[in-house]
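Chains, contacts and geometry: an overview
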Amino acid sequence: LIDDEEGVSNWIEFLHEHENASPCIQVYRGTEEAVRQQISAFTEMDRPFLVRLTHGGGPGHDWSEIVDVVCQTDHSNFGFVIDFEWSKDLISRIEWADRIVKRVVDLRGDGIPMCINGSSFPNSFTGIESGDMAPIVERLAFNNLVANNNQARLIYGDWASSRPRGESIPIKHEIPPR
C-alpha cells in the first residue's frame, strides 16, 4: 500500500475490496493528482473520506495545496483530521492549525467537519516524582481553535494516553466486520 509508484492504485483497490473500511486520503508522497485520483475513486464508490493533515508534514508544511484540492470536491461527504501530533508544546502549533481551519471555512463554509487532535502526554515518566504534575494541554489547544473559529465545525479528538511516534508500535488497521 505504500509503494511509491503503485501506492495510490493499491490503496484504492484495497478500499474497493473492503467496503466496510473508511477511506483516508493518502497525502504523503502524493501529488495533487494522486489526491484527485483518490477523491474521484472514493466519490465513485459513494464512500465518505477523511484527509489527515499532520504538523510538520506536507508541501510548505501548511498543507494549503492539498486543502485547496480537497475543497474543490463537488460534494461535502468528507472531513479533515488536523493532527498536532505529539509535542510537549502543543500551544505553539495552534497558529498552524488555525490557518488550515480558516482556509477550509473560507473555501467551503462552515459545514465541513474538522477533527482536531494531538497529544502532550509525557513520553517518559523518568524524573517525575510522586506529586509532580505534567501539563496535558490538548483541550486548551482545541478551545483556542474554537475561540478563534466560531463558524468552523470543529470536533475534539483524543489520542488518549498513546505514546509519541518513534517507539516500536506495529501499524494497526481496524476494519469493522459490518
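A short tour of the structure in this document, coming up. Just so we're clear, the structure is a prediction, and the values are computed from it rather than from any experiment.

Here's the deal with the nonpolar core
Core analysis: the largest hydrophobic core is formed by 42 residues, its most contacted members being Val51, Val70, Phe80, Ile82 and Met114. Elements with a minimum of two residues in this core: helix 1 (7–17), helix 2 (32–44), strand 2 (49–54), helix 3 (64–71), strand 3 (78–86), helix 4 (94–108), strand 4 (113–119) and helix 5 (138–148). A total of seven residues in this core trace back to one element, the largest contributor, which is helix 4. Not counting residues up to four positions away in its chain, the partners in contact with phenylalanine 80 are Leu50, Val51, Leu53, Val67, Val70, Cys71, Val104, Ile112, Pro113, Met114 and Cys115.

A few points about helix 2
Here helix 2 is 13 residues long and its end C-alpha atoms lie 18 Å apart, about the 18 Å a rise of 1.5 Å per residue gives. Among the residues of helix 2, those classed as buried are Ala34, Val35, Gln38, Ile39, Ala41 and Phe42. For helix 2, the arc enclosing every buried residue in end-on projection is 165°, short of the 170-degree limit, so these residues lie on one face. Seen from the open side of helix 2, the exposed residues pointing more than 90 degrees away from its buried face are Glu33 and Glu44.

Examining the sheet that holds strand 3
By definition, the strands of a sheet pair up through backbone hydrogen bonds, in either a parallel or an antiparallel sense. The strand order across the open sheet formed by five strands is 1-2-3-4-5, and the pairing between neighbours is parallel. One side of each edge strand has no neighbouring strand; the edge strands of this open sheet are strand 1 (24–25) and strand 5 (153–156). Bridge count between strand 1 and strand 2: two bridges; the pairing is parallel. Bridge pairing in strand 2 places cysteine 24 opposite leucine 50.

Considering the packing of aromatic side chains
In the structure shown here, the tally under the stated rule is five aromatic pairs. On the basis of an interplanar angle of 10° and a centroid distance of 5.5 Å, the ring pair of phenylalanine 49 and phenylalanine 78 is categorised as stacked. Taken as a pair, phenylalanine 49 in strand 2 and phenylalanine 78 in strand 3 lie far apart in primary sequence, 29 residues in all. Across this residue pair, the class does not change: phenylalanine 49 and phenylalanine 78 are buried. Taking the centre distance of 5.4 Å and the plane angle of 75° together, the rings of phenylalanine 142 and tyrosine 156 count as edge-to-face. One end of the pair, phenylalanine 142, is in helix 5; the other, tyrosine 156, is in strand 5, with 14 residues separating them in the sequence.

Rules and cut-offs
- Residues numbered from 1 in each chain as written.
- Predicted model: local features only at pLDDT ≥ 70, side-chain atom pairs only at ≥ 80, totals over all residues.
- Heavy atoms only, no water.
- Core = buried A, V, L, I, M, F, W, Y, C linked by side-chain atoms within 4.5 Å.
- Buried < 20%, exposed > 50% of the residue type's maximum accessible area, 1.4 Å probe, protein only.
- Helix = DSSP H or I, 4+ residues; strand = E, 2+ residues; numbered from the N terminus.
- Contact = heavy atoms within 4.5 Å.
- Expected span 1.5 Å × (residues − 1).
- Arc of directions from axis to C-beta.
- Pairing = 2+ DSSP bridges.
- Phe/Tyr/Trp six-rings, centres within 6.5 Å; stacked < 30°, edge-to-face > 60°.

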